[in-house]
Amino acid sequence: MHELSLVEGILAIVREELAKHGLCRLLRVRVKHGALTAVVPEALETAFEVLTAGTDLAGALLETELVPLSVRCRSCGQEFSPKDEDRFLMPCPACGAELGHTVLTGRELLIDSIEAE
Amino acid sequence: MQVEVARPILESNDTGAAQLRRRFAAHGLLVLNLLSSPGSGKTTLLERTLTDLRGMLRFGVIEGDCQTENDARRVAATGARAVQINTYGGCHLDSAMVAQACDQLGLEDLDVLVIENVGNLVCPAEFDLGEDAKITILSVTEGDDKPEKYPFIFSQSQVMLLSKIDLLPYVPFDPERASTFARAVNPDLAIFPVAALTGQGMDAWYTWLKERLAAKRQDH
Ligand SMILES: Nc1nc2c(ncn2[C@@H]2O[C@H](COP(=O)(O)OP(=O)(O)OP(=O)(O)O)[C@@H](O)[C@H]2O)c(=O)[nH]1
Ligand SMILES: [Mg+2]
Ligand SMILES: [Zn+2]
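Rules behind the numbers
Residues numbered from 1 in each chain as written. Chains lettered and ligands numbered in written order. Predicted model: local features only at pLDDT ≥ 70, side-chain atom pairs only at ≥ 80, totals over all residues. Heavy atoms only, no water. Donors = N, O, S within 2.8 Å, 3.2 Å for Na, K, Ca; no water. Tetrahedral: all angles 85-135°; square planar, octahedral: opposite > 155°, others 65-115°. Helix = DSSP H or I, 4+ residues; strand = E, 2+ residues; numbered from the N terminus. Axes fitted to C-alpha atoms, helices over the stretch in contact; angles between N-to-C directions. Parallel < 35°, antiparallel > 145°, perpendicular 65-115°, else oblique. Contact = heavy atoms within 4.5 Å. Near = heavy atom within 4 Å. Polar contact = N/O pair within 3.5 Å; in protein donor to acceptor, adjacent residues only side chain to side chain. Areas by Shrake-Rupley, 256 points an atom, 1.4 Å probe, with all protein chains shown as cover. Buried area = accessible area lost by both parts, 1.4 Å probe. Salt bridge = Lys/Arg side-chain N within 4 Å of Asp/Glu carboxyl O. Pairing = 2+ DSSP bridges. Buried < 20%, exposed > 50% of the residue type's maximum accessible area, 1.4 Å probe, protein only.

Visitor: Would you explain the coordination of the zinc ion (ligand 3) in this entry?
Guide: In an ideal tetrahedron of four donors about a metal, each angle is 109.5 degrees. In an ideal octahedron of six donors, the angles are 90 or 180 degrees. Residues and elements named next belong to chain A. Protein ligation of the zinc ion (ligand 3) involves C73 (SG), C76 (SG), C92 (SG) and C95 (SG), the donor distances falling in the range 2.3 to 2.4 Å. Its 4 donor atoms give the zinc ion (ligand 3) angles of 105 to 113 degrees at the centre, a pattern that matches the tetrahedral case. Within one chain, the residues serving as donors to the zinc ion (ligand 3) are arranged as C-x2-C-x15-C-x2-C. Placement of the pair is C73 in the loop between β3 (70–72) and β4 (79–80) and C95 in the loop between β4 and β5 (102–105), with a sequence separation of 22 residues.

Next comes the structure, spelled out in C-alpha cells:
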C-alpha cells in the first residue's frame, strides 16, 4: 500500500520534470532511499511497473540506491557508519561512546535524477 | 538526456503538512500524531485522557482506521469532538486526508488536536501531518524488541508511552531494554509507562501534555 503512494508521488514529480524540460519518453528514474526509511526496493519496483503499465511511461526503469546510515559521535565528533550488527548501540570507533549520536545520512527518500528523451 | 531532480518523493505531502502547520498555529492548537501497532491501546488512552482532562482542556480528535466508525464513536462518547477517516486498506494517513478531516471537525474552540493514525509501526512515520509531536505507544504484550525492529518511528517521536503496564506481571517485557534501544535512536525521547485501563502512570503524561501546550502558546 505504502509503495503505491510513494510511486504516485514519484510519477507526479517525474511528469512535472518531463514537462519542464520538454521531454516525452521516460527511460529511467533513480531513487535514493536512506537505511532508516521503510522502503522495500522490490515492492517499489513492482508498484512502479503496475502504475506505469498501459500509460505513456510504460517500459521505464526504476532504479533504487540505498543511502547507508552515517552518524556523528555525540561525544568526540567522529563521523562513522555503524556496522549492521552495531546498528543499535552504535559504538564509536574512535572513543567508544554508545547511543545518542546525530544521524547524518539514512533518512533520505528522494528522486535523484531521471533519464528521458 | 539526464536530468538532476533531487526532489523528495513525499514533497506534495510535505507541502500539505506545511499548510496544516500554519493553520494549526493560527488557532494556537497543540497537535499530536498518535502512532502504534494495531490494538496497542491508542483509543483506550484517548478515552481515559479525554475523560480525566474534561473541563481542563478542549480536545478534538481525528480517527484514522481502515474501516468502521467505531473509534470515533468511542471517543465522541467522552464528550470530545471527533471525526473518522476511513482509508479502505491504506496503511497511513496523509496531509490531504487530515486537511479534509479538519474542515469537517472545525478547529475553533480547541486546545489540543489528536490524530489517531492507522495502526502500523512502519508507514505512518514517513508522512508528516503538520503535527507538533509524534507520540508512539508500545504495549508490553508486543515485546521489548520493537524499538530495535522499527527504529525509524521511535527516532521520529517525542514521546514513547509504554502501555498496558498492568499486564507486566504476566508477560516477559523488560521496560529497561525497550527504553535503552528507543533512546539509542532518540536520546531526547520522553518515556512514560502507563495503563489506560487502570489509570496507572497517566499523571506524568498529562503533565507533559499541559507543559507542551503552555510552551506552544508561549511561542505563539
Ligand atoms: N490490560 C490492558 N488492556 C488494555 C489497556 N489499554 C487498552 N487495552 C485493551 O487493548 C485492546 C485494544 O485497545 P484499543 O484502545 O482499541 O487499541 P487501538 O490501538 O486503538 O487499536 P486500533 O485502533 O484498532 O489499532 C482493547 O481490548 C483494550 O481494552 C491497558 O492499559 N491495559
Ligand atoms: Mg483505535
Ligand atoms: Zn566518539
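Visitor: What is the right way to read the packing of helix α1 (residues 11–26) of chain B against helix α4 (residues 95–105) of chain B from this model?
Guide: In helix packing, the relevant descriptors are the interaxial angle and the interaxial distance, both defined with respect to the helix axes. Residue and element names in this part refer to chain B. Contact geometry for α1 and α4: axes closest at 8 Å, N-to-C directions at 30 degrees. In terms of orientation, α1 and α4 fall into the roughly parallel class. Mapping the contact onto sequence places S12, N13, G16, A17, L20, R23 and F24 in α1 and S95, V98, A99, C102 and D103 in α4.

Visitor: Got a minute to help me understand the site of ligand 1 in this structure?
Guide: All names here are of chain B. Around ligand 1, the structure places 18 residues, and the nearest of them are K42, T43, T44, K164 and D166. Side-chain polar atom of D71 to an oxygen atom of ligand 1: 3.1 Å apart, as the coordinates give it. Here an oxygen atom of ligand 1 sits 3.2 Å away from a polar atom, N or O, in the main chain of L197. For ligand 1, the protein covers 73% of the area, taking 650 Å² as the surface of the free molecule. The element best represented in the shell around ligand 1 is helix α2 (residues 42–52), accounting for 3 residues.

Visitor: Honestly, the interface of chain B and chain A in this entry has me stumped. Any pointers?
Guide: One frequent convention defines the size of an interface as the accessible area lost when the parts assemble. If you look at the interface, chain B gives 28 residues, while chain A gives 30 residues. Here chain B packs against chain A, burying approximately 2,700 Å² in sum over the two surfaces, 64% of which is carbon and sulfur. Looking only at chain B, the three residues that lose the most surface to chain A are M1, R7 and I9 of chain B, adding up to 27% of its buried area. Joining chain B to chain A, the criterion identifies 2 salt bridges. The partner of E16 of chain A in a salt bridge is R7 of chain B, and the shortest N-O contact between them spans 2.8 Å.

Visitor: Teacher, can you tell me more about the sheet that holds strand β2 (residues 61–67) of chain A here?
Guide: Backbone hydrogen bonds hold the strands of a sheet together, and the pairing may be parallel or antiparallel. Strands sit in the order β2(A)-β1(A)-β6(A)-β1(B) across an open sheet of 4 strands; the sheet is mixed. This sheet does not close on itself; its edge strands, each paired only once, are β2 of chain A together with β1 (2–8) of chain B. On average, each strand axis in the sheet is tilted by 20 degrees relative to the strand beside it, whichever way the strands run. In terms of strand pairing, strand β1 (residues 26–34) of chain A meets β2 of chain A through 7 bridges, oriented parallel. Looking across to β2 of chain A, one finds that V29 of chain A is bridged to L62 of chain A. Packing of helix α2 (residues 41–52) of chain A onto the sheet brings it into contact with β1 and β2 of chain A, and relative to β2 of chain A it is tilted by some 160 degrees.

Visitor: Please clarify how the coordination of the magnesium ion (ligand 2) should be interpreted in this entry.
Guide: All names here are of chain B. Around the magnesium ion (ligand 2), the donor atoms from the protein are T43 (OG1), D71 (OD) and E116 (OE), and they sit 2.1 to 2.2 Å away. One chain supplies every donor for the magnesium ion (ligand 2), spaced along it as T-x27-D-x44-E. With T43 in helix α2 and D71 in helix α3 (residues 70–76), this pair connects stretches of sequence that are 28 residues apart. This pair shows no difference in class: T43 is buried, exactly as D71 is.

Visitor: Just checking my understanding: could you explain the pairing of strand β5 (residues 112–116) of chain B for this structure?
Guide: Two faces belong to every sheet, and in a regular strand the side chains alternate between them. Residue and element names in this part refer to chain B. In terms of burial, β5 is largely enclosed, as 5 of its 5 residues are buried. Sheet topology note: the strand β2 (residues 30–35)/β5 ladder contains 5 bridges and is parallel. Within β5, the residue paired with N33 across the bridge is I115. Judged from the 5 bridges that link them, strand β3 (residues 59–65) and β5 form a sheet pairing that is parallel. By the bridge assignment for β5, V61 is matched with V114.

Visitor: How should the pattern of salt bridges be read in this particular structure?
Guide: Two side chains with opposite charge may pair up if their charged atoms get near one another. In total, this model carries 24 salt bridges over all chains according to the counting rule given. Between E79 of chain A and R72 of chain A there is a salt bridge, and its shortest N-O distance comes to 3.5 Å. Judged by relative accessible area, R72 of chain A falls into the partly exposed class, the value being 34%. What emerges from the salt-bridge pattern is a single network uniting E16, E17 and K20 of chain A together with R7 and E11 of chain B.

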